[in-house]
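# Inside the fold
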Amino acid sequence: MECEDPEPRAPDKVPPDPPYPNTGTSGVSGANLKRRCVEEPQTPAKKNISNPDLTVPSIQTVYTHPSFVIGAINTYSENDKGPYIVHVSRISPDPAAGTSIRPIKFGQFLSNHKFQNIHREGVKRVGRNKISVQFTSAEDANNFITSPVLALCKYTASIPTFSVTRMGLVRQVPTDLSMEEFATNALLPPGCGNIIKARRLSRKNVEDGKVSWVPTQSVVVTFLGQSLPSKIFLYYTSLPVELYNFPTTQCYACCRYGHTKAACRSKPRCFRCSKEHLGDSCEVTESGASCAHCLGRHFATNRSCPEQERQRSIKVVMAQQSISYVEACAQFPTVSRPYSEIAQPNHSSVRTIYTTPRPRAPLGKSYDKVAHRDLVSTPVSSMPNGCAIIEPGT
Ligand SMILES: [Zn+2]
Ligand SMILES: [Zn+2]
Ligand SMILES: [Zn+2]
C-alpha cells in the first residue's frame, strides 16, 4: 500500500531525525524508561511538490505517551548497546548564515577541554553545521550533552532520536481504532521498549481538484530503546512490525533532496527543464523535459529517476543501520550520468585493451639474424588460400 506521509518536517539541510516524542520520567518505572526525549519543534506542514501553494490540513491521529514531558532531552539508557552517538552544532543566531563546523577543529576543542572516552575516529561531519561524536559508553555520552563548556563555547549537543528509538510500521490497524486505544492496549514482546508514539498514516486523495487525507490502516510506531520487535499483540491477535523508512524529501526550489523549499540555500533549478528558474513558471512538458539530476527525459520529480531511487535506498539504509542522512548517502555513488547511458549494457568485454610490449633481452654477439629468421618464419605457401601445408602428391 502506498501511503503519503504528511508529518511536518523541521527545515534543515539534513532531514531531521525521526520525530521527537515528548517524553519524561515522571510516574514511569522500568529500566528502559530512564531516558528522556525532547518535543519536536513545530514547523509548517510539508508542501506538495506538484503544487507549492497547497498546504493540506492533516487529519492524521497521533498518540504520545503521557509520561513524557516537553523540554526534556534524549539520553542513553543502561540497556542501550551503542554506538553512543552525540550530535553537535554551532549555535547560530541566523540559521541562513551558513555556519559550518569542521571535525578536526571540534576534535581539537574536545582535546583542549579534556573530554575523554571518545572513539579514536569518532568525530565525523554529518551535516554542514553538524558533527557526530562517538563515545565509548552511555554515561560519557549522557554527561557530555549537559556539559556547561559547550554552551560557553557556543555549541549545542544532543543525542539523536534515531540512536535511542526504533520506528516500525504496523498494518491492518482498523481505522476506527484511536491511536490511544491502540498504544495503551498493545502488548509488547519481552525486551522491547514501550510505545512512545503511534501515528496513523493518511493517503492523499484528490477529487474534483480538492485534496483530502484519508486515514489508512497503517500506523507508524516509535518504540523506546534500540530494538524493534518483529510483532506486537493487540486484542489476542499478533500484528507484524516492519522497519519504517522515512519518505524522501525533495526541495521544490532547487530539486535537491534532503531539505524543503523553506530551508533552501541554493539557486533555483527548474524541475521541468533543469534551468535556473522555478518550475511553476516553466512551460516545458515531460516529453521535452531534462532532469536536473540525471539529464534524462523526465521531470526531476519523476519516481523513475535514478536519483530518486538512490534517495529511497538511502532512507532504507538510514532505518536499517540507524545512521544519519549524510552517513547513509556516502554508501551510494551519486547519479551524474544520463539515465540512457546508465541503462546501456556494459560493453567492457569488447573494449580495446592497450598493453605495453614486454622488454626483450639484448641480442648476443653470436646471434645470426638470417639463421634465426629461417627458423621462426612461416614457410611460403604454395596453395592459393595461403595454407602452409602441402598436400601429398602435389
Ligand atoms: Zn533546495
Ligand atoms: Zn524550466
Ligand atoms: Zn532523473
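Further up the page is the structure itself.
So, a few notes on the structure that sits alongside this text. (Residues numbered from 1 in each chain as written. Chains lettered and ligands numbered in written order. Predicted model: local features only at pLDDT ≥ 70, side-chain atom pairs only at ≥ 80, totals over all residues. Heavy atoms only, no water.)

## Section: the coordination of the zinc ion (ligand 3)
Coordination of the zinc ion (ligand 3) by the protein involves C291 (SG), C294 (SG), H298 (NE2) and C305 (SG), with metal-donor separations of 2.1 to 2.3 Å. Coordination at the zinc ion (ligand 3) comes from four donor atoms whose angles at the metal span 97 to 122 degrees, giving a geometry best classed as tetrahedral. Within one chain, the residues donating to the zinc ion (ligand 3) are spaced in sequence as C-x2-C-x3-H-x6-C. Per residue, the accessibility class of H298 equals that of C305, and both read buried. (Donors = N, O, S within 2.8 Å, 3.2 Å for Na, K, Ca; no water. Tetrahedral: all angles 85-135°; square planar, octahedral: opposite > 155°, others 65-115°. Buried < 20%, exposed > 50% of the residue type's maximum accessible area, 1.4 Å probe, protein only.)

## Description of the sheet that holds strand β1 (residues 62-64)
The strand order β1-β7-β8-β6-β10-β9 describes an open sheet built from six strands, whose pairing is antiparallel. The outermost strands of the open sheet, each flanked by one partner alone, are β1 and β9 (231-234). Taken pair by pair, the neighbouring strands of this sheet meet at an average axis angle of 35 degrees, ignoring direction. The pairing of β9 with strand β10 (residues 237-243) spans four bridges and is antiparallel. (Pairing = 2+ DSSP bridges. Helix = DSSP H or I, 4+ residues; strand = E, 2+ residues; numbered from the N terminus. Axes fitted to C-alpha atoms, helices over the stretch in contact; angles between N-to-C directions.)

## Focus on the pattern of salt bridges
Per the counting criterion, the structure on display carries three salt bridges. Note that E242 and R171 form a salt bridge whose closest N and O atoms lie 2.7 Å from each other. In this pair, E242 is assigned in strand β10 and R171 in the loop between β6 (165-170) and α5 (179-185), connecting sequence segments 71 residues apart. For E242, a relative accessible area of 34% gives the class partly exposed. For R171, a relative accessible area of 27% puts it in the partly exposed group. One salt bridge connects R310 with E307, and the closest N-O pair in it is separated by 3.0 Å. Pair noted here: R310 and E307 are both in helix α6 (residues 306-321), with a separation of three residues, about one helical turn. Like E307, R310 is buried. (Salt bridge = Lys/Arg side-chain N within 4 Å of Asp/Glu carboxyl O.)

## Things to note about unusual backbone geometry
Negative phi characterises most residues that are not glycine, and trans characterises most peptide bonds. With an omega of 5 degrees, the peptide bond running from G82 to P83 counts as cis. Here P83 lies in the loop between β1 and β2 (84-90). For Y236, which is not glycine, the phi dihedral falls at a positive 65 degrees. Topologically, Y236 is positioned in the loop between β9 and β10. By relative accessible area, Y236 is classed as exposed at 87%. With a phi close to 65 degrees, S274 is a non-glycine residue in the positive phi region. Locating S274 in the fold gives a position in the loop between β10 and α6.

## Comments concerning the pairing of β6
The element β6 is extensively covered by neighbouring structure, given that six of its six residues are classed as buried. Burial of β6 is two-sided: the residues T165, M167 and L169 facing one way and the residues R166, G168 and V170 facing the other way are all buried. By the bridge criterion, six bridges tie β6 to strand β8 (residues 210-224) in an arrangement that is antiparallel. Residue pairing in the sheet places R166 in a bridge with F223 of β8. The sheet contact formed by β6 and β10 spans three bridges and is antiparallel. Paired with V170 across the strands is V241, a residue of β10.

## Brief notes about the sheet that holds strand β3 (residues 118-127)
If you walk across this open sheet you meet the four strands as β3-β4-β2-β5, and the pairing is antiparallel. The strands lining the two open edges of the sheet, one partner per strand, are β3 and β5 (155-158). Sheet twist, expressed as the average angle between the axes of neighbouring strands with direction ignored, equals 25 degrees. Of the strand pairs in this sheet, β2 and β5 are connected by four bridges, and their pairing is antiparallel. Counted as the bridge partner of S89 is T156 from β5. Of the strands in this sheet, β2, β3, β4 (130-135) and β5 touch helix α1 (residues 103-112), which is tilted by about 135 degrees from β3. The strands touched by helix α2 (residues 138-145) are β2, β4 and β5; relative to β2, the strand with the most contacts, the crossing angle is about 20 degrees. (Contact = heavy atoms within 4.5 Å.)

## Observations concerning the nonpolar core
Formed by 22 residues in total, the largest nonpolar core has its most connected members in Y76, V86, V88, F106 and F144. Counting residues per element, the ones that place at least two in this core are β2, α1, β4, α2 and β5. If near-sequence neighbours (up to four positions away) are discounted, V88 is found in contact with I101, F106, N129, K130, I131, V133, F144, Y155, T156 and A157. Residues M179, C192, V221 and L234 belong to the second largest nonpolar core, which totals 18 residues. (Core = buried A, V, L, I, M, F, W, Y, C linked by side-chain atoms within 4.5 Å.)

## Structural notes on the packing of aromatic side chains
Here the structure, examined in full by the defined rule, presents ten aromatic pairs. Relative to Y155, the ring of F106 has its centre 4.8 Å away and its plane inclined at 80 degrees; by these criteria the two rings are edge-to-face. Here the residue F106 occupies a position in helix α1, and Y155 occupies one in strand β5, the gap between them amounting to 49 residues. A single burial state applies to F106 and to Y155, both of which are buried. Connected via pairs of aromatic rings, a cluster forms that spans F106, F109, F115, F135, F144 and Y155. (Phe/Tyr/Trp six-rings, centres within 6.5 Å; stacked < 30°, edge-to-face > 60°.)

In short, shape yes, function no, at least from these values alone.
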